[in-house]
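Examining the three-dimensional arrangement
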Amino acid sequence: MEVIDSHKGHITFNKGEEIFVEGDRPFGIYCIHKGKIKLSKHGESGKEQIVRFAKESDVLGYRALLGNEVYDCSAIALEATEVCFIPKKDFFQIFDNSPSLSLNLVKLLSSDLKRAENKLTDIAQKPVRERIAENLLVLKETFGEDEDSGCIKIILSREEIANLTGTATETAIRLLSELKTDRLIEFVGKKIKILNAKELLKRANIYN
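Our subject in this report is the structure included herewith. What you are looking at is a predicted structure, and each value in this text was computed from that prediction instead of being measured.

This brings us to the overall build of the chain. Each helix and strand in the chain was counted, giving eight helices and ten strands. Taking 208 residues into account, the globule formula puts the C-alpha radius of gyration at 17 Å, and the chain, at 18 Å, falls close to it. Reported as C-alpha extents along the three principal axes, the dimensions of the chain are approximately 55 × 35 × 35 Å. A fraction of 70% describes how many contacts in the chain between residues 6 or more apart in sequence connect residues 24 or more apart. Accessible surface for the chain amounts to roughly 12000 Å². Of this, 51% is attributable to carbon and sulfur atoms. Put simply, the chain has 32 plus and 33 minus side-chain charges, and the middle of one group is 4 Å from the middle of the other.

Take the sheet that holds strand β6 (residues 59–60) next. Strand order in the open sheet made by the four strands is β1-β8-β3-β6, with antiparallel pairing throughout. If you trace the sheet from one side to the other, it starts and ends with β1 (9–13) and β6, each paired once. Where strand β3 (residues 28–34) meets strand β8 (residues 81–87), six bridges bridge the pair, whose relative direction is antiparallel. The partner of Ile32 across the bridge, within β8, is Val83. Contacts from helix α3 (residues 88–97) reach β3 and β8, with the element oriented near 70° to β8.

In this section: unusual backbone geometry. With phi around 80°, Ser57 is a residue other than glycine that occupies positive phi space. One can find Ser57 in the loop between β5 (48–55) and β6. Overall, Ser57 belongs to the exposed group, its relative accessible area being 60%. Although it is not a glycine, Arg183 adopts a positive phi angle of roughly 65°. Structurally, the position occupied by Arg183 is in the loop between α7 (169–181) and β9 (185–188). Judged by its relative accessible area of 54%, Arg183 falls in the exposed class.

Before going further, it helps to spend a moment on α3. Residues of α3 that are buried: Asp90, Phe91 and Ile94. Each buried residue of α3 lies within a common arc of 105° when the element is viewed along its axis, so the set occupies one face. Opposite the buried face of α3, at more than 90 degrees from it, the exposed residues are Lys89 and Asp96.

Rules and cut-offs
- Residues numbered from 1 in each chain as written.
- Predicted model: local features only at pLDDT ≥ 70, side-chain atom pairs only at ≥ 80, totals over all residues.
- Heavy atoms only, no water.
- Helix = DSSP H or I, 4+ residues; strand = E, 2+ residues; numbered from the N terminus.
- Rg over C-alpha atoms; globule rule 2.2 N^0.38 Å.
- Contact = heavy atoms within 4.5 Å.
- Areas by Shrake-Rupley, 256 points an atom, 1.4 Å probe, with all protein chains shown as cover.
- Lys, Arg positive; Asp, Glu negative; His and termini not counted.
- Charge placed at Lys NZ, Arg CZ, Asp CG, Glu CD.
- Pairing = 2+ DSSP bridges.
- Axes fitted to C-alpha atoms, helices over the stretch in contact; angles between N-to-C directions.
- Buried < 20%, exposed > 50% of the residue type's maximum accessible area, 1.4 Å probe, protein only.
- Arc of directions from axis to C-beta.

Now the structure itself:
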């Protein structure tokens, strides 16, 4: 902690700003102090695919740093976001001298791999309707709900929801409207509120 406190940098990003960019080389790791971030890739056609989200206390950039590789995705702030930056030299100094940190990073890598495998399986096998429902539940689990309104505590455009699901924006809009018509969700301004999580689980084909 002494090494981190004496060398870390504090950086603020506005909504839409890039923390790091796909294809760049890492010079350290990022710890989110406040805010929300999306990690996304672009295919050959230029279409964005949202890989996952990150929030307060999450760590970013460690996979590329440990593998001595370029970033395989970009990290973009979804709102005003504050991060701490730990330089590469200091990170490896801590990593080499802290078995507990090494073990926790292995656990993080394992969790990342499991999440990536599950997402790949979903995209390959699940219909879009099921993926939309599942992603709404994932957003609720990841960011929680506002105590007053009951809305999921993140604002995403319909295009971003489509990019998370791996479908066209028009399809995402139509399926979200179906869920609204069936009274499983409602729109409160730009936010989404889940009205019937139990039925949404069934629509997502999740029973465990």
